[in-house]
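Listed below, chain by chain, are the residues.
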Amino acid sequence: MSAKREQWGSRWGFILATMGSAVGLGNIWRFSYAMGSNGGSAFLIIYLLSVILLGFPIMLIEFSIGKRGQDDAVQSFKKIAPKTSWYIAGGLGVLAAFLILSFYGIIGGWSLRYTYEYISGGIGGDSSAFFQNFIGQSVSPILWSFLFMAITVAIVLMGVKKGIESSSKWMMPILSLLVIGLAAYSLTLGGTAEAFAFMFQPEWSAFTDPEVYLAAMGQAFFTLSLGMGIMLTYGSYLKPDERLTSSAAVIILLDTSFALISGLMIFPALFAFGLDPTEGAGLVFIVLPGIFDALGGIGIFVGLLFFVLLTLAALSSSISLLEVSVSFLMDRVKMTRKGITLLLGSIIFLLGIPSSLSQGAMDITILGSSFLDFMDLFTANVLLPSSALISVLFVAWTWKKQDIYTHTDLKQGAVGTAFLMLARFFVPVAIALVLVFGIFNWLFA
Ligand code: PHE
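None of these values were measured; they are calculated from a predicted model.

What follows covers the site of the ligand. Near the ligand, the surroundings consist of 15 residues, among which Ala22, Gly26, Tyr104, Phe222 and Met228 are the closest. Within the backbone of Leu25, an N or O atom sits 3.1 Å from an oxygen atom of the ligand. In this structure, a nitrogen atom belonging to the ligand sits 3.0 Å away from a side-chain N or O atom of Ser225. Looking at the shell around the ligand, the elements with two or more residues in it are helix H1 (11-22), helix H2 (25-37), helix H10 (210-223) and helix H14 (297-330). Here the residues of the shell around the ligand sort into seven nonpolar, eight polar and no charged.

A few words now on the environment of Ser320. Looking at the secondary structure, you find Ser320 in helix H14. With relative accessibility at 1%, the residue Ser320 sits in the buried group. Along the sequence, Ser320 and Ser225 sit 95 residues apart, while their C-alpha atoms lie 9.0 Å from each other. Ser320 has contacts with Ser21, Ile230 and Tyr234, leaving out every residue within four places of it along the chain.

Attention now goes to helix H18 (residues 414-444). An ideal rise of 1.5 Å per residue puts 45 Å on 31 residues; H18 measures up with 43 Å between its terminal C-alpha atoms. In H18, a bend of some 40 degrees at Leu422 exceeds every other bend along the element. All of the buried residues along H18 are Gly416, Phe419, Leu420, Ala423, Val427, Pro428, Ala430, Ile431, Val434, Leu435, Gly438 and Asn441. The secondary structure elements touched by the buried residues of H18 are helix H3 (41-69), H10, helix H16 (371-398) and helix H17 (401-408).

Rules behind the numbers
Numbering of residues starts from 1 in every chain and runs along the sequence as written. In view of the model being predicted, local features appear only for residues whose pLDDT reaches at least 70, and side-chain atom pairs are presented and counted only at 80 or more, with totals across whole chains, interfaces and linings using the full set of residues. For side-chain calculations, the full set of non-hydrogen atoms in the structure is used, while hydrogens and water are omitted. Nearness is defined per residue: one heavy atom within 4 Å of the molecule or strand is enough. Two N or O atoms form a polar contact when they lie within 3.5 Å of each other; inside protein one atom must be a possible hydrogen donor and the other a possible acceptor, and for residues adjacent in sequence the pair counts only when both atoms belong to side chains. A helix here means a DSSP run of H or I that spans at least four residues, while a strand means a run of E at least two residues long, and both kinds are numbered starting from the N terminus. Any residue outside Ala, Val, Leu, Ile, Met, Phe, Trp, Tyr, Cys, Pro, Asp, Glu, Lys and Arg is labelled polar, Gly included; the first ten of those are nonpolar and the last four are charged. The classification of residues rests on relative accessible area computed with a 1.4 Å probe and restricted to protein chains. Under 20% of the type maximum is buried, over 50% is exposed, and intermediate values are partly exposed. Contacts are assigned to residue pairs with any non-hydrogen atoms lying within 4.5 Å of each other. Working rule for helices: expected span equals 1.5 Å times residues minus one. Axes are fitted to the seven residues ending at a residue and to the seven starting at it; the angle between these axes is taken as the bend at that residue.

Following this line, the structure appears as structure tokens:
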């Protein structure tokens, strides 16, 4: 307990590590299939609004709880408001991070396997059959996920500055170059007009579907790593006088640009080959390999770059997911960072096994979705918004106005007032409405 809390080496180290958490499978794999299955442009507009009106205030609030509490996702609440139950928000967050990493590690394993496949010559022939056959096996996907989790554990073992911060410092620039290069190439393939229509031309009927709102809001939370104690934990490694608003703005801008550029990478190629954007979770694993194959010789190289991109993006996020629970336990049990990281990594790996098996090896479904899809939807659409909702209520309604301004690094004045209004009224009401309608629709429609 008395050990000195770790800290970031620099402000850019913090921004890059946070961006590493935000930019991940969510921006590429999840964004493309969620947008593809939820009406394209309508989803995009609601997602962008959610990012600005919900994402920004919530990110600031999570940072400020961590920075003020200078402790883990649960203890920070207890320190700021002793003898209250607000820490439940942190508890839900740690739980969400735990559950998300269990299936995130499975998709990370798929991505690693595909990288390997493109190193050794690519996936020729029927990419759908290849994918279904691979994920339907009982042992192989689990072994790949083991490898992915082992790399994650190895980085987190090294600690905040040496492991997380320094790995993000080289991963993020490489990722940005890769996604921009691939998008530029995709735009030359001939599907640009259709892709632009799909992404940017609003189809108004989709705005009346509550599920599109739930999906878009869930995506905003997922992609910004909100509602799971990550921003709170990362904020707690900041010095108390650190600037927050500009960091949050930079992170959100970069994460959103990354998703948009991923869209420009995926959809033009998709339409150029006359393929279907509503493929679902298999989109990047089935549709893209089909495209790489059709590109001929260069396709194997492009495919390799793409899956390296996907794997690195997944890794920089999975380390943040693991760090939340590691940080949580480190303050509570007498074990070294090493021991705790190994222990939690193993438990989360085991927890991922049913998700992997639910993809064909066994019939494990909940509420009509495979176990993996259920974990994804339940965490993103229910747990994350609930945890964020409680955090927002905690700060906006129980902190003194002056404390809010001090700890979020906002000034009194137009911006501060706008933030306060958003945080007190708009954000809680919007989350609550979407949660209630969305869940109702999900369960009963
Ligand atoms: N934000 C990451 C992504 O977009 C996923 C993630 C979710 C990371 C939750 C950490 C926590 O893929």
